[in-house]
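# Breakdown of the fold
Residue-level listing of the chains:
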Amino acid sequence: MLRHKYIKYVYIFLLVVVLWNYHKEIYSLIGYFIGLSLVYVGILAWGSFDVRLSYFTPINSSAKISENKIAITFDDGPSAVTAEFLNLLRKYQVKATFFCIGTQVVKHPNILKQIHDEGHIIGNHSMNHPNNMGFLNRELVHDELRFGQRAIEEVLNKKTKLYRPPFGVTNPTIGAVLNQLEYVVIGWNIRSLDTVIKDPKRIAKRMYKKLKPGGIILMHDTSEHSLHALEYFLQYLEKTDYTIVPLQELINLKIYET
Ligand SMILES: [Zn+2]
């Protein structure tokens, strides 16, 4: 059972227990009700933003393995700097996964094709990456996923089965659409924070401090500082016994619909 359903039943059960045992004045009943509801809403908000919880839908955020293998993922491209990321990945013989935004695919179709031709995996990251993704109705969520999918399909002639939620946000509506469209949702458990931190060495240091077997790294192929951070990180990894493997080596996946 998904955690959301479980927590919902616990919440309802506790409300019933409070009502059943109500003997005192109305204010204490209201107090219990407000207290329980605040805790419930707090858990919902936490579950919406933390991909590691798989709160509304199953999310693959890491692999349970003991070998020192990790996977690396890039969001929000393809962009004008993606080709430089590809050069670096080729130099270090690393295969990655790129979660692409539909509008970026429309701007850079040749780069999307190059990512795919060089043996990297392509996933859907919505059409517009809307800031209010967590507040869209079912129809609009469906459009975001389908149009993002279609943009990729028009270039590659393939349907990707992988999806990464923008901002890592999920909720019951997004969970239901992902289920309906049969996506495999990929999260992360090693966040580079490369859209916030601008110092490449700090970003690289943050990533290797968080290294763990089966980890999935989140980066963005959208800036020069991320590119430099990736190079520092790849140089560091060469001194360790960690290897970056394609995502499907960590998690048993069917990447494209045939
Ligand atoms: Zn994103």
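The subject of this paragraph is the overall build of the protein chain. For the protein chain, the helix and strand inventory stands at ten helices and eleven strands. Its C-alpha atoms give the protein chain principal-axis dimensions of roughly 70 × 40 × 30 Å. A burial count over the protein chain gives 36% of its 258 residues as buried. In the protein chain, the share of contacts with a sequence separation of at least 24, taken over all contacts with a separation of at least 6, comes to 78%.

Bringing the packing of helix H5 (residues 109-117) against helix H6 (residues 138-156) into the picture now. The interhelical angle for the contact between H5 and H6, taken along N-to-C directions, is 75°, at an axis separation of 9 Å. Taken together, H5 and H6 sit at an angle that is classed as roughly perpendicular. Here H5 contributes Pro 109, Leu 112, Lys 113 and His 116 to the contact with H6, which in turn contributes Ile 152, Val 155 and Leu 156. Here the residues of the contact of H5 with H6 are counted per class, giving five nonpolar, one polar and one charged.

Assigned domains within the protein chain: domain 1 (3-49) and domain 2 (59-257). Centre-to-centre, using C-alpha coordinates, domain 1 lies 37 Å away from domain 2.

Tracing the backbone shows Ser 54 in the loop between helix H2 (26-49) and strand S1 (59-60). Accessibility expressed as a C-beta count within 10 Å gives 19 for Ser 54, which makes it partly exposed. Linking Ser 54 and Arg 150, residues 96 residues apart in sequence, is a C-alpha distance of 26 Å. When residues no more than four places from it in sequence are discounted, the contact partners of Ser 54 are Arg 3 and Ile 59.

Its 14 residues place the ends of helix H9 (residues 224-237) 20 Å apart at the C-alpha level, agreeing with the 20 Å of an ideal helix rising 1.5 Å per residue. Among the residues making up H9, those that are buried are Ser 226, Ala 229, Leu 230, Phe 233 and Leu 237. Seen from one end, H9 has its buried residues packed into an arc of 105°, which puts them on one side. Pointing more than 90 degrees away from the buried face of H9 are the exposed residues Glu 224 and Gln 235.

Before going further, it helps to examine the nonpolar core. Most often, soluble globular proteins keep nonpolar side chains buried together rather than apart. Of all hydrophobic cores here, the largest spans 52 residues; its most connected members are Ala 71, Ile 72, Phe 98, Cys 100, Leu 112, Ile 122 and Ile 217. Once residues lying within four places of it in the same chain are set aside, the contact partners of Leu 112 are Pro 78, Cys 100, Val 105, Ile 122, Ile 152, Val 155 and Leu 156.

Each value, and the rule that gives it
Residues numbered from 1 in each chain as written. Predicted model: local features only at pLDDT ≥ 70, side-chain atom pairs only at ≥ 80, totals over all residues. Helix = DSSP H or I, 4+ residues; strand = E, 2+ residues; numbered from the N terminus. Buried ≥ 20, exposed ≤ 12 C-beta atoms within 10 Å, placed from the backbone. Contact = placed C-beta atoms within 7 Å. Axes fitted to C-alpha atoms, helices over the stretch in contact; angles between N-to-C directions. Parallel < 35°, antiparallel > 145°, perpendicular 65-115°, else oblique. Nonpolar A, V, L, I, M, F, W, Y, C, P; charged D, E, K, R; others polar. Domains from an automatic or database assignment. Expected span 1.5 Å × (residues − 1). Arc of directions from axis to C-beta. Core = buried A, V, L, I, M, F, W, Y, C linked by C-beta atoms within 7 Å.

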